[in-house]
Amino acid sequence: MTPLPALLLVHGAWHGPWAWQRLIEQLPDVDVHTVALPSTGSDPAALGNLYDDAAAVTTAVAAIDGPVVVLAHSYGGHPVTQAVASAGNVRRLVYLAAFQLDVGEAPHSIMGDDMPGLEVHVGMGEDGGAYIELTDPVEILYGDLDPGLAQQSVAQLRFQSLVAVTQPLTEAAWRHHPSTYLICEADSALPPSVQEMMAKRAERVRRIQSSHSPFLSRPTELAGLIRDELSL
């Protein structure tokens, strides 16, 4: 039997590697890696931008010896698309309710102010650094999650760099590697209609009846979908 490739998980805005734990527990036989994006953090003045995030992803992919499937969630699709166009060990990209954008595009450029229900607060740290926060993260991110776990997750959310979601891509990795789009069909953060539009760029499209965060609410089902992608 051919061994499965490694799996690199790239989190979305406000989150960190902690968010993947329930999913990782469902993939005990997979070599799973995570990365912490610099655009998310506790200090607004120290937040990185898109290109800092892309550099972190590039480093994480390069540290993996052998083939790797890169799964990006939400904003995480933006730096992944920027980062791995020329990475020789990337076997497939998986966009989980994520931004599968093209050169010159940014999350804000395709969403603009037309984000139904996605209300954010824009703030500024004492020492500089513009950031965004969700006004109702439970409803937007964790609509189908157990209330207790949802509150635990909210407590771990951090500031998200504003500039990172406005910076345009200069690379489009999905033009160089096979890609799969996983549509979250009950998503309140990234409307399914927008996901459908981006999914047209992917080689394969899969679906899960979940809110924006199935790695928390439906980890077993999501793990099964991911295993299918690893086996291609």
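Participant: Just checking my understanding: could you explain the nonpolar core for this structure?
Facilitator: Across soluble globular proteins, nonpolar side chains have a tendency to be buried as a group. Membership of the largest hydrophobic core comes to 75 residues, with the highest contact counts inside it found for L8, V57 and V84. Per element, the largest residue contribution to this core is 6 residues, and it comes from helix 2 (residues 50–62). For V84, the residues in contact, after removing those within four places along its chain, are V57, V61, V90, L93, A173 and H177.

Participant: Would you explain the sheet that holds strand 4 (residues 68–73) in this entry?
Facilitator: Two pairing modes exist for strands in a sheet, parallel and antiparallel, and in both the strands are linked by backbone hydrogen bonds. A sheet is described by the order of its strands in space; here 6 strands give the open sequence 2-1-4-5-9-10, paired in parallel fashion. Edge positions in the sheet fall to strand 2 (32–35) and strand 10 (204–208), since each of these pairs with one other strand and no more. The sheet shows a mean angle of 20° between the axes of neighbouring strands, taken without regard to direction. With 4 bridges joining them, strand 1 (residues 6–10) and strand 2 adopt parallel strand pairing.

Participant: What am I meant to see in the environment of D52 here?
Facilitator: By the element assignment, D52 lies in helix 2. Between the C-alpha atom of D52 and that of T40, which follows or precedes it by 12 residues, the distance is 11 Å.

Reading guide: rules and limits
- Residues numbered from 1 in each chain as written.
- Predicted model: local features only at pLDDT ≥ 70, side-chain atom pairs only at ≥ 80, totals over all residues.
- Heavy atoms only, no water.
- Core = buried A, V, L, I, M, F, W, Y, C linked by side-chain atoms within 4.5 Å.
- Buried < 20%, exposed > 50% of the residue type's maximum accessible area, 1.4 Å probe, protein only.
- Helix = DSSP H or I, 4+ residues; strand = E, 2+ residues; numbered from the N terminus.
- Contact = heavy atoms within 4.5 Å.
- Pairing = 2+ DSSP bridges.
- Axes fitted to C-alpha atoms, helices over the stretch in contact; angles between N-to-C directions.

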